[in-house]
Every structure is written in C-alpha cells, then in structure tokens.
Amino acid sequence: MDRAVKIVLFSVIFLASQINCQEAILRISNGNTERDYCIVHNHSWTPLSETLDAALQYPLVNLTSTVLCNTSGVNPDLVNGKAVVVMRGDCDFSQKARVAQSLNATALLIASNKALTTPTANDSEYAKVHIPLALMRYRDFLEAQQMFGDVMQAKLYAPPNSKIDASIAVMLLIAIVTIALGGYWSGTCERDRLNGVSGGGGESKADSGELFLYSPLKVVFFVALMCGMLVLMYFFYSVLVYVIIVIFCLASASALFSCFDAVLDLVGCGTGSFSIQSHNFSVRSIILAAVCITIAVVWGVYRNEDRWIWILQDLLGVAFCLNFMKTISLSNFKICVILLSLLLLYDVFFVFITPFFTKNGVSIMVQVALGPDASGEKTQGNMVEVPAEPQAPSEKLPVVMRVPRFSAWAQNLCMMQFSILGYGDIIVPGLLVAYCSRFDVWINSRRKVYFVSCCIAYFLGMILTFAVMLLSGMGQPALLYLVPFTLITCAVVAACRGEMRQFWAGTTYEVLDSSREPLLPEGRTDYSVGEKC
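Asks: Explain the packing of aromatic side chains to me, and be specific about the residues and the numbers.
Replies: Tallied over the full model, the rule gives 18 aromatic pairs. Consider the rings of Phe333 and Phe503, whose centres lie 4.6 Å apart with planes at 35°: the pair is tilted. Of the two residues, Phe333 is situated in helix H11 (residues 333-353) and Phe503 in helix H17 (residues 500-505); the sequence distance between them amounts to 170 residues. Taking the centre distance of 6.3 Å and the plane angle of 75° together, the rings of Phe439 and Trp442 count as edge-to-face. A residue pair is termed a helical-turn pair when its members lie 3 or 4 positions apart in one helix, as Phe439 and Trp442 do in helix H14 (residues 424-442) at 3 residues. By relative accessible area, which is 1% here, Trp442 ends up buried. Put simply, the rings of Phe333, Tyr435, Phe439, Trp442, Tyr450, Phe503 and Trp504 pair up and form one aromatic cluster. Here Arg402 stacks its cationic end above the ring of Phe418, 4.0 Å away from the centre of that ring.

Set out below in structure tokens:
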C-alpha cells in the first residue's frame, strides 16, 4: 500500500512538472529518409500533438513563392488536404491561416528569414483558425528541399518539456563528487605534510604552491576584490572576457596536470626520469603536460561549439575546482564563517539587488555569467524568440559547469538548452569541506566526522537549491542555501563533540611559519575525545 502511494505521488509530481513550450518539431520524410527541424507555434492558439505517433502526416507543398495573403495565383487542387509552406510578411499570421483554411489546407508552415517568434493575433481572430500554424526557418526548408526533393511528408508535434530533467541529477553528481574529492585530497595532503614534519623531512610535494587565508582582513580584501572584478566584468565585458578565457586555459591546464599527476602517484606509476646536461626531466610529466595543454587548447579553440564542448569545459572546471580546494587553505573555522558569510551576501546582492539598478533589469551576476550578447533562445513569459540564421557566437565566461537538458528535445533542436552551476557554488563550500577534512587529520579522527557531515550538509543544501529552483521557475543563488547548511552543520557537530574551541581556533600558524603539529598528541584518536553525538 505504501509503495503504491509513493508511486502515485511521484507520478503526480512528475506530471505536474510537465509544461507545454512554444518550440515544436517538424518531422519531414520521403519514405526512406527523415529529419527533424525546429518550429515555433502558439500552444494556446493552435496546439499540436504531444507525440510523434499521435501526429497526423500531411503531404508538404512548397508555396514559398507567395506570402498567401489572398487566394490569387494559388491552385486549390494543389493545396487541398496538404500542409503548405509560405513566406512570412505582408499580412498577419491569422490572415494567412484563414486563406489556407479556405483552400482546405490541413496545416500552415510560415518560412521566415527573421527571428522565429511565437505567432499571435487579435483575440477575435483566435477562434477563426482551426489548422496547425507554425513558423520555421527558411534555410531549414531549403535544406529539406535539397535533401528530399519535391516529395515530402510532414508531421508536426510538440513534446512537453519536463522541469525535472536528468541534467539536474548529473549536475548534482558533479558537484558532490568534486566536493568530496577536493576535501579528501586536501586532507591527504595535510596528513602527508604532518608526517613529513614529524619525520624531519623537507618540503613535501603537498607543500608546493599552497596558499593560506588566516587573516580576517585578507578575507575582506579578497571578497572586495571579487566585487570589483565582477563590476569591471559587467562594464568592460567585451574586453575582459578574453583575458579571463586565457587565464582559465592556463589555470585549468595546470590544475588538470596536478589532478592527473596525483592519480598516477596514487596508482604507483613511475616517472621515467632522464637527464640532459645535468638537468633532470620526467617522461611522465612531459606526457601529462602535453595532454593537459592539448585539452585546454582544444577547449579554447572550440569553446563556442555547444553540442559537445561542454564535456571538456566540465572536465577542466572539475580539475580547476579540485586544485583550488587543495591549494587554498582556510586556517580555522572563524575564517570559514567570515569568508562564507561575506560571499553569501555578495551572491545575494549581485543576484537579487542589482536588478533594481541595471538598465535592462537583469542582475549583474546573471549578465556576466551568461554574457551581455548571449545568442540563443530568448524567452519572455510565454513568448519565445529563436534566431532564423546562424549568428556569430557570443563569448561567455568559463565560470560554470554546463550540462545539456536531456528532455528538452524541441528546445535543443532550436537552440541548445543547458543546466548550469557556477564554480563558486562548488569552490566556496568546498573550502569549508577541505578545512573539515584537515581538521579530521589534526584530531586523528578515524571516521572523518567533520568531513562526512559537511559533505552531507552540502548535498542537502544542493537538493534544497534545486527544489526551490524548480518550484519558483527561476535560477537561485546556491550559496543562499549552501552556506547556512554547511556552516550550521559543522558548528553543531563541533558543539556536540565538545571540540568547538579547537574547531574555531584551528591552526595557530601563519603563512611564514610552515611548522605545524596536530592539535591532539600523536596517536590520540577520536575515540578518546568526549563524543556526545
């Protein structure tokens, strides 16, 4: 009984998440070959079948030599019982549809050289049109003519778009795996570093290039710098976007090298060193550098190819986040609270407050993340606009994970649709996760209580973020939910275990003092700590 109730409840939620979009699909075939094309219709005016099997098939007639504002010059026998393609212009959509109906046409396709917009008419005209009406790109029709010739069969259908898309699950998996791996890597480096100190060794590989945030003043300066950079990007986007792209290529290639190098160290792969004129070189490092640079260059060259380049961008983005979490260390929970709280205010301000000050009413954060001249589908309420001709790609900042919406078939046919998650929504909570992982090392916690608890809190915060996004129908500043979830969880765990003083103070070293010892004596385990939860 309970299982049946759960199934019914899930079905209701899923069906309620189905929305009817204005983009639809035109399937053209000649019996042997078939191809899909993007069309735009008005669901509330001339609804189409939701599935291909339910769609009616019509012979398609080429009348692009006319705009069909009247019946003059049109042979009724040629149009009777068929779908017709006419050119856009000279009269409104409803008039073309009424003329097509008078000729007994079964569907009307309007070929356009302009942007495809949702067809509309006066309220009094809606009831007079009874045949399917949609706009298509004129270049698509010319391509279909070249492929199929004059004998073409057409089906029009509009599959519903689900708000709950598999891309959300993929994005959630990417975020959780990145957070967990980055935190684990940071803790492992800390353990290796402490073992090196206690063993009297020199600087270990884990020490190289690591930076520490230990001063509240430096944290405030860091956040102020981020605010300034975002504002500069907003006003000088067209120039600075290329600077950021170059920096991302260099930083992500270096990060990818670090990640691959750590994996090869973990599996015990040899370096294969050789010497030339008393200079030592590593074969493994040379090969890894060549591979990582190649991946970054390929992304840089093909960064605007939406169909597949998102895979490389996500790969480089994951490596960038992992390396950032391993390289930047927060010295104590106090610094974590200050940094995450300031970045929460930063996120909320630039998402929710700045639209009141911008000319177009779009937040500075969204404008910078998506680009001021971002091409593609534009939506406003129930209206859509799809470019009729290929447009020069507009540059976008490589600051987000991107996963295509798998269920948006019609929308992807018109223009690729993506679910996105900013790198900051992974890195900022990730710094706290990394601190928790290092603190587990400092107290010799075998069960990694703080690390696991913070990861679970991050997961729950992401679930809430996506839930609010789906319910509200608009993007959310993820830090608004992630920061309270992770900070409160860590504080509760520390308080329950009676370790708040140590957790708050963290390490007492500064950047110039590289010597660090565990907070608890060597060999002490978390079992000796007065655990209360």
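Asks: Any chance you could break down the state of the cysteines for me, citing the residues and the numbers?
Replies: Going through the model one piece at a time under the given rule, you end up with 2 disulfides. Disulfide partner of Cys38: Cys414, at an S-S distance of 1.9 Å. Across the disulfide from Cys38 to Cys414, rotation about the S-S bond amounts to roughly 90°, and the bridge is consequently right-handed. Here Cys414 lies in helix H13 (residues 409-414) and Cys38 lies in strand E3 (residues 34-41), a separation of 376 residues in the sequence. Judged by its relative accessible area of 1%, Cys38 falls in the buried class. Each bonded cysteine of the protein chain gets a number by its place in the sequence, and the pairs then read 1-4, 2-3.

Asks: Can you explain the pairing of strand E2 (residues 23-29)? Please cite residues and give values.
Replies: Where burial is concerned, most of E2 is hidden: 7 out of the 7 residues are buried. Alternating residues of E2 divide into Glu23, Ile25, Arg27 and Ser29 and Ala24, Leu26 and Ile28, and every residue in both groups is buried. Bridge count for E2 against E3 is 7 bridges, and the pairing is antiparallel. In the sheet register, Ile28 faces E3, and the bridge partner there is Arg35. Two successive antiparallel strands, E2 and E3, enclose a turn made up of 4 residues, where Gly31 displays a positive phi of approximately 100°.

Asks: If you had to explain empty space enclosed by the protein to someone new, which residues and values would you point to?
Replies: A full pass over the atoms with the stated rule returns 1 cavity of 30 Å³ or more. Considered as a void within the structure, the largest cavity measures approximately 30 Å³ in volume. As for the largest cavity, its lining consists of Tyr184, Gly187, Thr188, Arg191, Ser437, Lys448 and Phe451. Looking at side-chain class alone, the lining of the largest cavity contains 2 nonpolar, 3 polar and 2 charged residues.

Cut-offs applied
Residues numbered from 1 in each chain as written. Predicted model: local features only at pLDDT ≥ 70, side-chain atom pairs only at ≥ 80, totals over all residues. Heavy atoms only, no water. Phe/Tyr/Trp six-rings, centres within 6.5 Å; stacked < 30°, edge-to-face > 60°. Helix = DSSP H or I, 4+ residues; strand = E, 2+ residues; numbered from the N terminus. Buried < 20%, exposed > 50% of the residue type's maximum accessible area, 1.4 Å probe, protein only. Lys NZ or Arg CZ within 6 Å of the ring centre and 35° of its normal. Disulfide = S-S within 2.5 Å. Pairing = 2+ DSSP bridges. 1 Å grid on protein atoms, 1.4 Å probe; cavity = no way out; pocket = protein on both sides within 12 Å on 5 of 7 lines; lining within 4 Å. Points joined across faces, edges and corners; volume = space filled by probe spheres on them. Nonpolar A, V, L, I, M, F, W, Y, C, P; charged D, E, K, R; others polar.

By themselves, these figures tell us nothing about what the structure is for.
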